[in-house]
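Residues per chain, in single letters:
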Amino acid sequence: GDSRKGGYIMEYIIISNTKIKIMLTQKELDKYNIDGESLSIANEDQRLALRRVLNDACRQSGFNSSASRIMVQMFPAKRGGCEIFVTRLDGSSCG
């Protein structure tokens, strides 16, 4: 799916009850102030920016990322931007 909010489109695909794929354009990376090539959760600013992306994606999609533990994988996209895979590690269902 994709959602319009604030004049931009955030694309996402809910893969399963515990996994979502978020596709961000370069414009969206700039909006969230994320380096699409080298995201580091050790960097507090990047971690907070990623949390904003997750909050927005979850609000738009209904996916619940509020589990105690999540795994985040980010890959640069061929046409700029990036793809972010978020997996809840608690195994509970979406909701």
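It should be noted that the structure appears before, not after, this text.
Relative to the elements of secondary structure, K31 occurs in helix 1 (residues 26–32). Judged by relative accessible area, which is 48%, K31 ranks as partly exposed. Sequence-wise, K31 and V53 are 22 residues apart; in three dimensions their C-alpha atoms are separated by 10.0 Å.

Judged from the seven bridges that link them, strand 4 (residues 70–76) and strand 5 (residues 82–88) form a sheet pairing that is antiparallel. The residue of strand 5 that forms the bridge with I70 is R88. Linkage of strand 4 to strand 5, two consecutive antiparallel strands, is achieved through a turn of five residues, within which G80 is found at a positive phi near 90 degrees.

Moving on to unusual backbone geometry. Across the chain, the bulk of peptide bonds are trans and the bulk of non-glycine residues have phi less than zero. The phi dihedral of N33 is positive, around 60 degrees, even though this residue is not glycine. Its location among the elements puts N33 in the loop between helix 1 and helix 2 (44–61). Using a relative accessible area of 58% as the deciding quantity, one classes N33 as exposed.

The rules behind each value
- Residues numbered from 1 in each chain as written.
- Predicted model: local features only at pLDDT ≥ 70, side-chain atom pairs only at ≥ 80, totals over all residues.
- Heavy atoms only, no water.
- Helix = DSSP H or I, 4+ residues; strand = E, 2+ residues; numbered from the N terminus.
- Buried < 20%, exposed > 50% of the residue type's maximum accessible area, 1.4 Å probe, protein only.
- Pairing = 2+ DSSP bridges.

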